[in-house]
Amino acid sequence: MLARAGLLGVVLLGATAARATPNFPEVIHNDLGLASQPSCAVCHQGAPGMGTVTTPFGKSLLARKVVPYDVASLSKALAALDTEKVDSDSDGTPDTEELKAGRNPNVSDGNSGPGGEPGGGNVLPEPSYGCGVAPGAPVGLLLGGLWLLRRRRRQ
C-alpha cells in the first residue's frame, strides 16, 4: 500500500515538471543586464508549459538550440541573438536591444501592449508568477492525499 501511495505522489508531483523552465527569466535578466526580469509571456503563449513557446522571440531562441532547463544553452542563444542582431518582429530594432529598453521583442508597432494586446505601448508583459509555478499542483496534491486516506480507511 505504501508503495502505491509513493507512486501516486511521484505522479502528482511529476505533473508540474512539464512547466516552462523557471529560472530562464532570471537568466535573461542577468545575461542582458535588464532592469527587471521579463515575464514568461516573452516566449510563451498562454500558461507556460511544454509546446507553448510560440512567440517570435521564443522561436528565435529555439532556432539557436535552447534546451529546457539548460542555462548554458540559453546564455549561448542570447549571445547569438545579440551578435546576429536578430529582430524577430521585423521592426528594425534587434530583440536584445528591445529587451534592454524594456520593450517587447514580439510586438512591432507602438500600439500594442503586453503580449500584443491592443493599446498600452510596446512594453514587456509584467511577470505575475514564476514560469515553474503550477497553480493547480497544490489542489492536485490535496485531492490525491484525500483519495489515499479514503482508500486506506476502506481497507
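Residues numbered from 1 in each chain as written. Predicted model: local features only at pLDDT ≥ 70, side-chain atom pairs only at ≥ 80, totals over all residues. Heavy atoms only, no water.

1. A word on the overall build of the protein
Link 1 in the chain: What the protein contains, in helices and strands, is six helices and zero strands.
Link 2 in the chain: Put simply, the protein runs from its N terminus to its C terminus through helices and strands in the order α-α-α-α-α-α.
Link 3 in the chain: Out of the 155 residues belonging to the protein, those deemed buried represent 34%.
Link 4 in the chain: Counting only contacts in the protein whose residues sit at least 6 apart along the sequence, the fraction spanning at least 24 positions is 46%. (Helix = DSSP H or I, 4+ residues; strand = E, 2+ residues; numbered from the N terminus. Buried < 20%, exposed > 50% of the residue type's maximum accessible area, 1.4 Å probe, protein only. Contact = heavy atoms within 4.5 Å.)

2. A look at the environment of Gln37
Link 1 in the chain: Position of Gln37 relative to the elements: it lies in the loop between α2 (24-32) and α3 (56-63).
Link 2 in the chain: Taking the relative accessible area as the measure of exposure, Gln37 reaches 37% and is therefore partly exposed.
Link 3 in the chain: With 10 residues separating them along the chain, Gln37 and Val27 place their C-alpha atoms 8.5 Å apart.

3. Quick look at the confidence of the model for the protein
Close reading of the predicted structure is inappropriate where its pLDDT is low.
Link 1 in the chain: Residues at a pLDDT of 70 or more form 59% of the protein, whose mean pLDDT is 73.
Link 2 in the chain: Confidence, read as mean pLDDT per element, is least for helix α1 (residues 2-14) in the protein (46) and greatest for helix α4 (residues 71-84) (95).
Link 3 in the chain: Predicted confidence is poor over residues 5-18, with pLDDT under 50, and the contacts of this stretch with residues over four places away or in other chains come to 13 contacts.
Link 4 in the chain: Under a pLDDT of 50 for its full length, residues 132-137 has, in the predicted model, seven contacts with residues more than four places off or in other chains. (pLDDT = per-residue confidence, 0-100.)

4. Considering the nonpolar core
Link 1 in the chain: One finds Ile28, Phe57, Leu61, Leu74, Leu78 and Leu99 to be the most contacted residues of the largest nonpolar core, which totals 16 residues.
Link 2 in the chain: The set of elements that each furnish at least two residues to this core consists of α2, α3 and α4.
Link 3 in the chain: Residues within four places of Ile28 in sequence aside, it is in contact with Gly33, Leu34, Pro38, Phe57, Leu74, Leu78 and Leu99. (Core = buried A, V, L, I, M, F, W, Y, C linked by side-chain atoms within 4.5 Å.)

5. Observations regarding α2
For an α-helix, the turn length of 3.6 residues means that residues three or four places apart are oriented alike.
Link 1 in the chain: Phe24, Pro25, Val27, Ile28, His29 and Leu32 are the residues of α2 that are buried.
Link 2 in the chain: Of the residues one or two after α2, Gly33 is the one with positive phi, at around 65 degrees.

6. So, the packing of α2 against α4
Helix-helix packing: each pair is described by the crossing angle between the helix axes and the interaxial distance.
Link 1 in the chain: The interhelical angle for the contact between α2 and α4, taken along N-to-C directions, is 45 degrees, at an axis separation of 10 Å. Taken together, α2 and α4 sit at an angle that is classed as oblique. For the crossing formed where α2 meets α4, the hand is right-handed. Together, Phe24, Val27, Ile28, Asp31 and Leu32 of α2 and Val71, Leu74, Ser75 and Leu78 of α4 make up the contact between the two elements. (Axes fitted to C-alpha atoms, helices over the stretch in contact; angles between N-to-C directions. Parallel < 35°, antiparallel > 145°, perpendicular 65-115°, else oblique. Left-handed = near helix turned anticlockwise from the far one by under 90°.)

7. Thoughts on the side chain of Thr55
Link 1 in the chain: By secondary structure assignment, the location of Thr55 is in the loop between α2 and α3.
Link 2 in the chain: At 3.0 Å, the side chain of Thr55 forms a polar contact with the backbone nitrogen of Gly58.
Link 3 in the chain: Not counting residues up to four positions away in its chain, the partners in contact with Thr55 are Ala41, Val42, Cys43, His44 and Asn106. (Polar contact = N/O pair within 3.5 Å; in protein donor to acceptor, adjacent residues only side chain to side chain.)

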